[in-house]
Amino acid sequence: MAQAMRPNTAGGLFATDGKPHPLQDTLLAVTLMLGVTAFVSAMFHNLHLLSSWTGLVGILTGAYGHWISETTRERFGLVLGLGAAAVGFFLGMAHGGLFGGVIN
């Protein structure tokens, strides 16, 4: 039963290697926030500027965060945020795009 007394070395919520990753965790949170915003706002036709811009920024932050991520948990959250941002971006582009209605 010695194996049952092993200490928990997982560390933080997103750091499975026991080390802090503040930049990666920040990019993960920003990507998830932008992805949810882009996805929800894409459901409304008149919010295409918000959904397309937040989707584009979410894709860029998620791609950079995925590039520098170090753990599987970080990558999992980044892929979810990237997917939501991409869907919001593409639906925003279909509804009017980045500058639709602003530049004539």
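The structure reproduced in this document is the subject of the present report. (Residues numbered from 1 in each chain as written. Predicted model: local features only at pLDDT ≥ 70, side-chain atom pairs only at ≥ 80, totals over all residues. Heavy atoms only, no water.)

Notes on the overall build of the protein chain
Scanning the protein chain from terminus to terminus reveals three helices and zero strands. For the protein chain, the succession of helices and strands along the chain, N to C, is α-α-α. Counting every position in the protein chain, which comprises 104 residues, the buried fraction comes to 34%. When the accessible area of the protein chain is evaluated, it comes to approximately 6500 Å², of which 72% is carbon and sulfur surface. (Helix = DSSP H or I, 4+ residues; strand = E, 2+ residues; numbered from the N terminus. Buried < 20%, exposed > 50% of the residue type's maximum accessible area, 1.4 Å probe, protein only. Areas by Shrake-Rupley, 256 points an atom, 1.4 Å probe, with all protein chains shown as cover.)

Observations concerning helix α3 (residues 72-95)
Across its 24 residues, α3 extends 34 Å between first and last C-alpha, which sits within 8% of the 34 Å expected from 1.5 Å per residue. Of the surrounding elements, those touching the buried residues of α3 are α1 (22-41) and α2 (48-68). Count one or two residues on from α3 and you reach Gly-97, which has phi positive near 85 degrees. (Expected span 1.5 Å × (residues − 1). Contact = heavy atoms within 4.5 Å.)

Describing the packing of α1 against α2
Following both chains from N to C, one finds α1 and α2 inclined at 155 degrees, their axes separated by 8 Å at the closest point. Taken together, the axis directions place α1 and α2 in an arrangement best described as roughly antiparallel. With respect to the hand of their crossing, α1 and α2 are arranged in left-handed fashion. Every residue of α2 that contacts α1 at Leu-23, Gln-24, Leu-27, Val-30, Thr-31, Leu-34, Thr-37, Ala-38 and Ser-41 is listed here: Leu-50, Ser-51, Thr-54, Gly-55, Val-57, Gly-58, Thr-61, Gly-62, Tyr-64, Gly-65 and Ile-68. Residue composition of the contact of α1 with α2, grouped by class: nine nonpolar, eleven polar and no charged. (Axes fitted to C-alpha atoms, helices over the stretch in contact; angles between N-to-C directions. Parallel < 35°, antiparallel > 145°, perpendicular 65-115°, else oblique. Left-handed = near helix turned anticlockwise from the far one by under 90°. Nonpolar A, V, L, I, M, F, W, Y, C, P; charged D, E, K, R; others polar.)

Observations concerning the environment of Gln-24
Along the chain, Gln-24 turns up in helix α1. Take Gln-24: its relative accessible area is 10%, and that puts it in the buried class. When the C-alpha positions of Gln-24 and Gly-65 are compared, they lie 6.0 Å apart, and in sequence the two are 41 residues distant.

Some details on the packing of aromatic side chains
The description of an aromatic ring pair uses the distance of the two centres, along with the angle that the planes make with each other. As enumerated under the stated definition, the model contains three aromatic pairs in all. Seen in terms of ring centroids, Trp-53 and Phe-99 are 5.6 Å apart; in terms of plane orientation they differ by 75 degrees. Their pairing is edge-to-face. With Trp-53 in helix α2 and Phe-99 in the segment after α3, this pair connects stretches of sequence that are 46 residues apart. Judged by centre distance (5.9 Å) and plane angle (55 degrees), the rings of Tyr-64 and Trp-67 are tilted. Pair noted here: Tyr-64 and Trp-67 are both in helix α2, with a separation of three residues, about one helical turn. (Phe/Tyr/Trp six-rings, centres within 6.5 Å; stacked < 30°, edge-to-face > 60°.)

Remarks on the packing of α2 against α3
It is the contact of α2 with α3, at a shortest axis distance of 7 Å, that shows an interaxial angle of 150 degrees. When the interaxial angle is binned, α2 and α3 end up roughly antiparallel. Here α2 and α3 pass one another in a crossing that is left-handed. On α3, the residues that touch His-48, Ser-51, Ser-52, Gly-55, Leu-56, Gly-58, Ile-59, Gly-62, Ala-63, Gly-65 and His-66 of α2 are Arg-75, Leu-78, Val-79, Leu-82, Ala-85, Ala-86, Gly-88, Phe-89, Gly-92, Met-93 and His-95.

Distances and angles like these do not, on their own, reveal function.
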